[in-house]
Amino acid sequence: MQKNIVLTYILSAVLLLTSRVSIAELMIEITQGSDSAVPIAIVPFTNKSAGAIPENINKIISGDLQRSGEFEPLPTNRMLSLPSSAKAVYYRDWRLLKQNYLLIGSVEYSKYTKSYKIQYELFDVNQQQRIIGEEVSGGEKSLRDLAHHISDAVYEAVTGVRGAFSTKIAYITLQGSPAAKGKLEYRLQVADADGRRSFTLLKTSEPIISPSWSPDGKKLAYVSFESGRPAIYTQVIKSGRRTLVSSFKGLNGAPAWSPDGKKLALTLSKDGNAEIYRLDLATKKLERYTRHYGIDTEASWSPDGHSVVFTSDRSGSPQVYRMNIYDLEPERLTFEGRYNARPRFSEDGDSLFFVHQSNGSFNIATMNLKTGNQITLTETPLDESPSLAPNDRMLIYSTQRGRKGVLAVVSVDGRSKYFLPSAFGDVREPAWSPFLR
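Residues numbered from 1 in each chain as written. Predicted model: local features only at pLDDT ≥ 70, side-chain atom pairs only at ≥ 80, totals over all residues. Heavy atoms only, no water.

Colleague: Whenever I open this one, the overall build of the protein chain confuses me. Can you help?
Modeller: Regarding its fold elements, the protein chain presents four helices and 31 strands. Buried positions account for 55% of the 437 residues belonging to the protein chain. Taking all contacts inside the protein chain whose residues are at least 6 apart in sequence as the whole, residues at least 24 apart take part in 47%. For the protein chain, the exposed surface amounts to about 19,200 Å²; the carbon and sulfur share of it is 48%. (Helix = DSSP H or I, 4+ residues; strand = E, 2+ residues; numbered from the N terminus. Buried < 20%, exposed > 50% of the residue type's maximum accessible area, 1.4 Å probe, protein only. Contact = heavy atoms within 4.5 Å. Areas by Shrake-Rupley, 256 points an atom, 1.4 Å probe, with all protein chains shown as cover.)

Colleague: Looking at this structure, how should I read the pairing of strand β24 (residues 351–358)?
Modeller: Within a regular beta strand, the side chains point alternately toward one face of the sheet and then the other, so they alternate between its two faces. The buried fraction of β24 is high, at six of eight residues. When strand β23 (residues 340–345) meets β24, the two strands line up antiparallel, connected through four bridges. From the neighbouring strand, F345 faces β24, where its bridge partner is L352. Counted between consecutive antiparallel strands, the loop separating β23 from β24 contains five residues, among which G349 sits at a positive phi close to 80°. Bridge count between β24 and strand β25 (residues 361–368): eight bridges; the pairing is antiparallel. Pairing of F353 across the sheet is with T366, part of β25. (Pairing = 2+ DSSP bridges.)

Colleague: I tried to follow the pairing of strand β27 (residues 384–388) on my own but got confused; where do I start?
Modeller: Extensive coverage of β27 is indicated by the burial of five of its five residues. Note: β27 against strand β28 (residues 394–401), three bridges, orientation antiparallel. When the bridges of β28 are listed, S387 appears paired with I396. Count of turn residues in the β27/β28 antiparallel hairpin: five residues, of which D392 carries a positive phi of about 65°.

Colleague: So what exactly am I meant to see when it comes to the side chain of D192 here?
Modeller: With respect to the helices and strands, D192 occurs in strand β9 (residues 183–192). Classification of D192 as buried rests on a relative accessible area of 1%. Within the structure, the side chain of D192 is placed 2.7 Å from the side chain of K168, a separation counted as a polar contact. At a separation of 2.8 Å, a polar atom in the side chain of D192 contacts the side chain of R197. Those residues in contact with D192 that lie beyond four places of it in its chain are R144, H148, T167, K168, I169 and R197. (Polar contact = N/O pair within 3.5 Å; in protein donor to acceptor, adjacent residues only side chain to side chain.)

Colleague: When you look at the environment of A389 in this model, what are you seeing that I'm missing?
Modeller: Among the secondary structure elements, A389 is positioned in the loop between β27 and β28. You can call A389 buried: its relative accessible area is 1%. The spacing of A389 and W432 is 43 residues in sequence and 5.7 Å in space, taken between C-alpha atoms. Excluding residues that lie within four positions of it along the chain, A389 makes contacts with E347, M394 and W432.

Colleague: In this structure, what is going on with the environment of T243? I would like to understand it.
Modeller: Residue position: T243 is located in strand β14 (residues 242–246). Through-space distance from the C-alpha of T243 to that of I232 is 8.7 Å; in sequence the pair is eleven residues apart. Apart from residues lying up to four places away in sequence, T243 is in contact with I232, Y233 and T234.

Colleague: I tried to follow helix α4 (residues 143–159) on my own but got confused; where do I start?
Modeller: Spacing of three or four residues puts side chains on the same side of an α-helix, whose turn is 3.6 residues. End to end, α4 covers 24 Å across 17 residues, agreeing with the expected 24 Å (1.5 Å per residue, within 8%). The set of residues buried in α4 consists of L143, R144, L146, A147, H148, I150, S151, D152, V154 and Y155. Once α4 finishes, G160 follows within two positions and takes phi at roughly 80°, a positive value. (Expected span 1.5 Å × (residues − 1).)

Colleague: Help me out: how do you make sense of the sheet that holds strand β19 (residues 296–301) in this one?
Modeller: Within a sheet, adjacent strands bond to each other through the backbone by hydrogen bonds, running parallel or antiparallel. Taking strand neighbours across the sheet as the criterion, the four strands line up as β19-β20-β21-β22 in an open arrangement whose pairing is antiparallel. Of all strands in the sheet, those with a lone pairing partner are β19 and β22 (330–332), marking the two edges. In this sheet, adjacent strand axes meet at a mean angle of 30° when their direction is disregarded. Direction of pairing for strand β20 (residues 307–312) relative to strand β21 (residues 319–324): antiparallel, over a ladder of six bridges. Counted as the bridge partner of S307 is N324 from β21. (Axes fitted to C-alpha atoms, helices over the stretch in contact; angles between N-to-C directions.)

Colleague: How do you make sense of the packing of helix α2 (residues 57–67) against α4 when you look at a structure like this?
Modeller: In a packed pair of helices, the relevant descriptors are the angle between the two axes and the axis-to-axis distance. Closest axis-to-axis distance for the α2/α4 pair is 9 Å, and the angle between their directions is 45°. Viewed along their axes, α2 and α4 adopt a mutual orientation that is oblique. For the pair α2 and α4, the sense of crossing is right-handed. Here I57, I60, I61, D64 and L65 of α2 come into contact with α4, specifically with L143, R144, A147, H148, I150, S151, V154 and Y155. (Parallel < 35°, antiparallel > 145°, perpendicular 65-115°, else oblique. Left-handed = near helix turned anticlockwise from the far one by under 90°.)

Put into C-alpha cells, the structure is as follows:
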C-alpha cells in the first residue's frame, strides 16, 4: 500500500490495534449542559398494572431529553405532587417550581393482549394548556422504543425539530477472545442512540473500520480486513446478510452511501494512487471522481447528491475539498490549520463538520458553508470520526479519556456534551443512523 493511506486509516486502525474493549452496553456520563436548557417536569408514570413495569418509562424519557442539552428535567424529590391525569394538574404548583412544561402519564399491562398501554400528556405550564397527548402500546421488548417515541414527540412539540431518540448508533469494539487464547477480536456493534440494547453485527479477528449507514437505515457499509487486506462490505442489519462490494488490489476504503442509497463513494488505489470513485451498487459500474497525484479519500455526499466533500493532501497537508459531481472541479474549503479531514455535511447542507488540528490537538470543528465561519466544538486531545444526528442537533465522535477510547456527543453549538464509555474498554468509529421508520 502507499504510504499516504494513513489519511484514511491512521486514527482509526492504529487506535483499534492498541485498544481492548468489551461488548457491554455503553454508559452515559453528562459532563456539560446548556445554560438555556428548558425546565420540564417529567412525573413518574403511574403503574395501573398488577405487577411491576420492566422499564422505568419516565426515567428513559428524562434521560433522553437531558442528553439533548435542551431540557433540564426536574428531580422527582422536588415535585409538590405526582399527577397522572389532566384534572389533577395544578399549574400554580409547577409555576412555583419554575417549570415551563409538565409531562404526565400512566402504564397499564393487559394479560389478555400481553402488551403495555402507555398514555401521556404534555402541558405548557405558563399557557396553562395541554399541548399533545397520545396512547401508544406494545410488548415488553418494545417498552424502550415507546419511551423513545414519547421523547421524540415531546422534543418536537417544544422545539419544532424532529427528535432523534429513536435512532441507532453503530461503532467498533475490540476485545481479547477467550476462545482464541486472548487473540484480539473486532466487533461491529449496533445500539440505541443512548447506548442501550447493543448487539453484534459482525465479529472477526481482523480490523473493521468506517461503518456507514444506508439512507433507509437498513444496512451498513464498512471496511473489513478479514481476508488479510481491506475490502468493503454491505450488510443487512435485520437478517445479517453480507455482500462483498469492493475488493480491488490495494486500498478499498471509506465507503459513503449516496442520498438515494443506490451508490457508494469509495477510496480505491487500484490504479496506483488513492482516488475517489463512485460505485453503482446495482450495475457494479465504477466512475472515477478525482485525478491527482495527491491522496484523495474520506468522501461524503451532500444531502442533494449533487456534490461530495473529501480529504486531500494535494495542497501539501490534509484539507477539505468540495466537488460537484457533474464538472468534477475540486474547490478547497478549509484554510485554517495544517490538518482538516473526515468532512461530513449537515442534513440541511448548510454546514460541514470535520476533524481539525489546533495546537497539537485533534478536535471536531464546524464550518458555515455560506459564511465560511469556523468554530471548534470539542476540547479533548484526540477527537475523530464525527457523525451527525439526523436532526442536525447533536454530533457523535470518538475521543480519548486518559488512555481509554470512548464515544462522546456534543451539541452543534458546543454547549452540551456527554460521554458514552464502555465499562471495560474502548470504543471507536461511531456512526449515527438516519431516522428509522
